[in-house]
Amino acid sequence: MIDLKIKQLLDEDFVNYKKPSMFIGFPNCNWKCEKDCGEKMCQNKELALSPDIEISCQKIVDRYMQNPITKAIVCGGLEPFDSWEDLVNLIHEFRKHTQDFIIIYSGFYLSEINDKVEYLRQNYDNIIIKF
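As the structure is a computational prediction, the values presented were derived from the model and not from experiment. (Residues numbered from 1 in each chain as written. Predicted model: local features only at pLDDT ≥ 70, side-chain atom pairs only at ≥ 80, totals over all residues. Heavy atoms only, no water.)

Chemist: Help me understand the nonpolar core, please; the structure alone is not making it clear to me.
Modeler: Considering soluble globular proteins, one finds that nonpolar side chains tend to be buried as a cluster. One finds I24, I60, F81, F94 and I104 to be the most contacted residues of the largest nonpolar core, which totals 28 residues. Counting residues per element, the ones that place at least two in this core are strand 1 (3-6), strand 3 (21-25), helix 3 (57-65), strand 5 (72-76), helix 4 (84-95), strand 6 (101-105), helix 5 (110-123) and strand 7 (127-130). Here this core takes five residues from helix 4, the largest share from any one element. For I24, the contacting residues outside a window of four places in its chain are I6, Q8, L9, I60, I73, V74, C75, G76, L90 and F94. One finds Y17, F23, V74 and I103 within the second-largest nonpolar core, a separate group that totals five residues. (Core = buried A, V, L, I, M, F, W, Y, C linked by side-chain atoms within 4.5 Å. Buried < 20%, exposed > 50% of the residue type's maximum accessible area, 1.4 Å probe, protein only. Helix = DSSP H or I, 4+ residues; strand = E, 2+ residues; numbered from the N terminus. Contact = heavy atoms within 4.5 Å.)

In structure tokens:
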């Protein structure tokens, strides 16, 4: 079983996507937004200060699959692409069970993570990346 670290897991979220979703808050961030603008302005400060949660990919998938309400998975932040291996492992595990949409929110510009975005697009269907 593949374990990963997250900051938040909401079984039912009605804010971050147009369909009822499971929201997964990833734990890492390189503080790019603050570096780019030169100010302390993290919109996820409370999440950043919360403790990490260790959980298996399979347990997350099981919770999602057992919930008849959720129709998508949202990966948010801190910054999912700063937890690249965990993000890919989780997507891979989800794709064994469902082709539901996976939405990934990122603070990066496409040019900064183009190789990762291309990898996801070439290997998985129904991935939406919001910059």
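Chemist: Please clarify how the layout of surface pockets should be interpreted in this entry.
Modeler: It is the rolling of a water-molecule-sized probe over the atoms that shows where space remains empty. Of the pockets and cavities examined, the largest pocket occupies roughly 500 Å³. Contributing to the lining of the largest pocket are 25 residues, with Q43, N44, G77, L78 and G107 lying nearest its centre. If you list the elements that add at least two residues to the lining of the largest pocket, you get strand 2 (8-13) and helix 1 (32-37). Looking at the lining of the largest pocket residue by residue, the classes come out as 11 nonpolar, nine polar and five charged. (1 Å grid on protein atoms, 1.4 Å probe; cavity = no way out; pocket = protein on both sides within 12 Å on 5 of 7 lines; lining within 4 Å. Points joined across faces, edges and corners; volume = space filled by probe spheres on them. Nonpolar A, V, L, I, M, F, W, Y, C, P; charged D, E, K, R; others polar.)

Chemist: Please clarify how unusual backbone geometry should be interpreted in this entry.
Modeler: Backbone geometry at N126 places phi at a positive 60 degrees, although glycine is not the residue there. By secondary structure assignment, the location of N126 is in the loop between helix 5 and strand 7.

Chemist: What am I meant to see in the packing of aromatic side chains here?
Modeler: Note on aromatic pairs: each is described by the distance of the centres and the angle between the planes. The tally for this structure, following the rule as stated, stands at four aromatic pairs. Look at F81 and W84: their rings are 6.0 Å apart centre to centre, the planes differ by 15 degrees, and that puts the pair in the stacked class. Given the relative accessible area of 2%, F81 is considered buried. Owing to a relative accessible area of 21%, W84 belongs among the partly exposed residues under this scheme. On the basis of an interplanar angle of 70 degrees and a centroid distance of 6.4 Å, the ring pair of Y119 and Y124 is categorised as edge-to-face. Classification of Y124 by relative accessible area gives buried; the value is 10%. The rings of F81, W84, Y119 and Y124 are connected pair by pair, giving a single aromatic cluster. (Phe/Tyr/Trp six-rings, centres within 6.5 Å; stacked < 30°, edge-to-face > 60°.)

Chemist: How do you make sense of the pattern of salt bridges when you look at a structure like this?
Modeler: Opposite charge on two side chains permits them to pair, given that their charged atoms come into close proximity. Applying the stated rule across the entire model yields three salt bridges. Across the pair K7 and D52 runs a salt bridge whose closest N-O atoms are separated by 3.1 Å. In this pair, K7 sits in the loop between strand 1 and strand 2 while D52 sits in the loop between helix 2 (45-49) and strand 4 (53-56), placing the two residues 45 residues apart along the sequence. Its relative accessible area of 41% is what places D52 among the partly exposed residues. Put simply, D11 and R63 hold a salt bridge, and the shortest N to O gap is 2.6 Å. With D11 in strand 2 and R63 in helix 3, this residue pair connects regions lying 52 residues apart in the sequence. Residue D11 is classed as partly exposed on the basis of its relative accessible area of 28%. Residue R63 is classed as partly exposed on the basis of its relative accessible area, which comes to 30%. (Salt bridge = Lys/Arg side-chain N within 4 Å of Asp/Glu carboxyl O.)

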